[in-house]
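# Breakdown of the fold
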Amino acid sequence: MSHLLLAEPALAVEPPAPVFGTDGIRGRVGVELTPTLALQLGYSCGHVLEQDRPVLLGRDSRKSSPMLVAALQAGLLAAGREVWDLGLCPTPAVAWLTRRQQAAGGLMISASHNPPADNGIKVFARDGCKLPRHRQRDLEQWLKRSAPLGCHAGGSSHQRHDLLKVYEQGLLAQLESEPRQRLRVILDLCWGAATSCAVSLFERIGAEVTVLHGQPDGNRINVGCGSTVLGLLQQAVVDQEADLGIAFDGDADRCLAVDHRGQPVNGDHILYLWGGALDDRGLLPEHRLVITRMANLGFRRAWTARGGALEETPVGDQHVYAAMERTGAALGGEQSGHVLWRQHHAIGDGLMTALQLTQLIATSSCSLATLAEASFRPYPQKLINVRITDQQARQGWRHNARLQNGIAAAEAAMGQDGRILIRASGTEPLLRVMVEARETTLVDVWCQKLASLAAAELQPS
């Protein structure tokens, strides 16, 4: 392998800049994300991450993941680094084990909720946090070097699949109360990373588990299932009279729930219920939760009505964690199901969230439906993803006069009982148009109008 690296100067082709998006590197395999880029990134990480400690490497179930693991590993070895290969595992396992094992850093190969043809690479610093922007810039500078890769003979690679059990034990150690009832839980593992450990975790807390999409399958990961498509799980929960269902995304850093009636329970409700339980025990400093701009108005008003405080951030769990660090908040999260608990993790952990929610239900005398209904009534909300392939147009939507006029008209029609949130996705060529109001009719009308206007104005003809 060393001789091949030395003999192939073409591997140092300059990648496009910037390489890092809002959640690491992500894109279509063979187009935006290539083995050459992964090799260069591994080599660059070998020089940028702290020395004298191993680098952890994990992956999801995508068909392209083993190829990217091999390329990253080759780059790290060429830089003389020690690599611990965790194998198939959730993204939060890589982050948590990086900190727990005092590693130099961690790399996770996954495109999260994206379709099977995509993949991505997330880079974690030694503290288990996503690599900060200034360190990402350091990596990008290494990636732009025109010199061919060098080769160091001191690199080594070790399979450490055993460390997944350490992560599992860390999750279970955070559960404090003994459940009063044995719940029937259906898990939708979406053919992804959660297949590595979710079933054993839920069985160890005494749940009666039924599994959907429970094998690792890179051809079907996220396809018509998981946290982005709840229909099959909803039907299964009703048909099998389960107490609840939990759906994970491809890399298991988030989850959504379904109550016994088949009704979705999103991250807002999960955050409210978990936050309320912590607050009741005096474990929520200043009664504060960290939320993103997507958090529902009904959630916001109910939490402040009970005396709670809210800190708002942009979308992205790295922003949530930064605000938690700044304010001392213990809990934060996103409507999409990323929930962060400072006691456990620096990123969203779908398995931790699912276990905590299940325990909360099992130790109460109420169903998830009853708990959710008692917490708050969400305002009707609609999100339309508008495909805008022109990145400049997508990022510059704020400068389009006709779209701004449409937004102003919608805001005037809804008044104080509604809001609009438009943002360019950092992981897909989409402009996300969200409208929320007290009346469903207003939501439907204005969301469709604004989405159509965005498509007409920003998409090239």
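The rules behind the values
- Residue positions are counted from 1 within each chain, in the order its sequence is given.
- The model is predicted, so local features are restricted to residues of pLDDT at least 70 and side-chain atom pairs to those at 80 or more, both for listing and for counting; the totals for chains, interfaces and linings are taken over all residues.
- As a rule here, side-chain values cover all heavy atoms of the structure and leave hydrogens and water aside.
- Helix and strand assignments follow DSSP, with helices taken as H or I runs no shorter than four residues and strands as E runs no shorter than two, numbered in order from the N terminus.
- The definition of a polar contact used here is a pair of N or O atoms within 3.5 Å, where within protein one atom must be able to donate a hydrogen and the other to accept one, and adjacent residues in sequence count solely through side-chain atom pairs.
- Whether two residues touch is decided by their heavy atoms; if any such pair falls within 4.5 Å, the residues are in contact.
- In this entry, domain limits derive from an automatic or database-based domain assignment.
- By buried area we mean the combined loss of accessible area, with a 1.4 Å probe, across both parts when two parts are placed together.
- The rule for pairing is simple: two strands pair if DSSP sees at least two bridges between them.
- Lines fitted to C-alpha atoms define the axes, with helix axes restricted to the stretch in contact, and inter-axis angles between N-to-C directions lie between 0 and 180 degrees.
- The salt bridge criterion pairs a side-chain nitrogen of Lys or Arg with a carboxyl oxygen of Asp or Glu, the two atoms within 4 Å.
- Throughout this description, buried means an accessible area under 20% of the type-specific maximum (1.4 Å probe, protein chains only), exposed means over 50%, and partly exposed covers the range between.
- UniProt positions are given in the numbering used here, feature names are shortened, and annotations may be inferred rather than shown by experiment.

Okay, the side chain of Asp-60 next. One can find Asp-60 in the loop between β2 (55-59) and α3 (65-78). A polar contact is formed between the side chain of Asp-60 and the side chain of Arg-62, at a distance of 2.8 Å. When near neighbours in sequence (up to four residues on either side) are disregarded, Asp-60 contacts Ser-65, Leu-88, Met-108, Ile-109, Ser-110, Ala-111, Ala-193, Ile-221 and Gly-250.

Turning our attention to the domain arrangement of the chain. In terms of domains, the chain is made up of domain 1 (25-146 + 156-162), domain 2 (174-375) and domain 3 (381-458). Each of domain 1 and domain 2 has a C-alpha centre, and the two are 27 Å apart. Across the boundary between the two partners, domain 1 contributes 23 residues, which contact 31 residues of domain 2. Note on domain 1 versus domain 2: buried area summed over both sides is about 1,900 Å², and carbon and sulfur give 62% of it.

Now for the sheet that holds strand β9 (residues 244-248). Sheet strands line up and pair through hydrogen bonds in the backbone, either parallel or antiparallel. Here we have five strands laid out as an open sheet, ordered β8-β7-β9-β10-β11, and mixed in their pairing. Only two strands of the sheet have a single neighbouring strand rather than two, namely β8 (208-212) and β11 (264-265). When strand β10 (residues 255-259) meets β11, the two strands line up antiparallel, connected through two bridges. Its bridge partner being in β11, Ala-257 is matched across the sheet by Val-265. Sheet strands touched by helix α9 (residues 267-280): β10 and β11. Its angle to β10, the strand with the most contacts, is close to 85°. Along the sheet, helix α13 (residues 368-375) contacts β9, β10 and β11; its crossing angle with β10, the most-contacted strand, is approximately 105°.

What follows deals with the side chain of His-213. Summarising the element assignment, His-213 is placed in the loop between β8 and α8 (231-239). At a separation of 2.8 Å, a polar atom in the side chain of His-213 contacts the side chain of Asp-188. Ignoring any residue separated from it by four or fewer positions in sequence, one finds His-213 in contact with Asp-188, Leu-189, Cys-190, Trp-191, Thr-195, Cys-225 and Leu-232.

Side-chain pairs of opposite charge can arise whenever the charged atoms involved come near each other. Scanning the model with the defined rule gives 28 salt bridges in all. Of the charged contacts, one joins Arg-62 and Asp-60 as a salt bridge, the two residues approaching to 2.8 Å between their closest N and O atoms. Neither Arg-62 nor Asp-60 differs from the other in exposure class; each is buried.

So, about the UniProt feature "binding site: Mg(2+)" (unreviewed entry) in the chain. In this numbering, the UniProt entry assigns the feature "binding site: Mg(2+)" (unreviewed entry) to Ser-112, Asp-249, Asp-251 and Asp-253. Across 142 residues in sequence, these annotated residues keep their C-alpha atoms within 7.9 Å of one another, forming a single compact spot. Along the chain, the position of Ser-112 falls in the loop between β4 (105-109) and β5 (118-124). For Ser-112, a relative accessible area of 3% corresponds to the buried category. For Ser-112, the contacting residues outside a window of four places in its chain are Arg-26, Arg-62, Lys-122, Asn-222, Asp-249, Gly-250, Asp-251 and Asp-253. Mapped onto the elements of the fold, Asp-251 is located in the loop between β9 and β10. Those residues in contact with Asp-251 that sit more than four places away from it in its chain are Pro-90, Thr-91, Pro-92, Met-108, Ser-110, Ser-112, Lys-122 and Ala-193. A polar atom in the side chain of Asp-251 sits 2.7 Å from the side chain of Thr-91.

This next bit is on unusual backbone geometry. One non-glycine residue, Asp-52, lies in the positive phi region at around 70°. Relative to the elements of secondary structure, Asp-52 occurs in the loop between α2 (35-48) and β2. Relative accessible area serves as the criterion here: at 75%, Asp-52 is assigned to the exposed category. You will see that Ser-112, though not glycine, has its phi angle at about 55°, which is positive.

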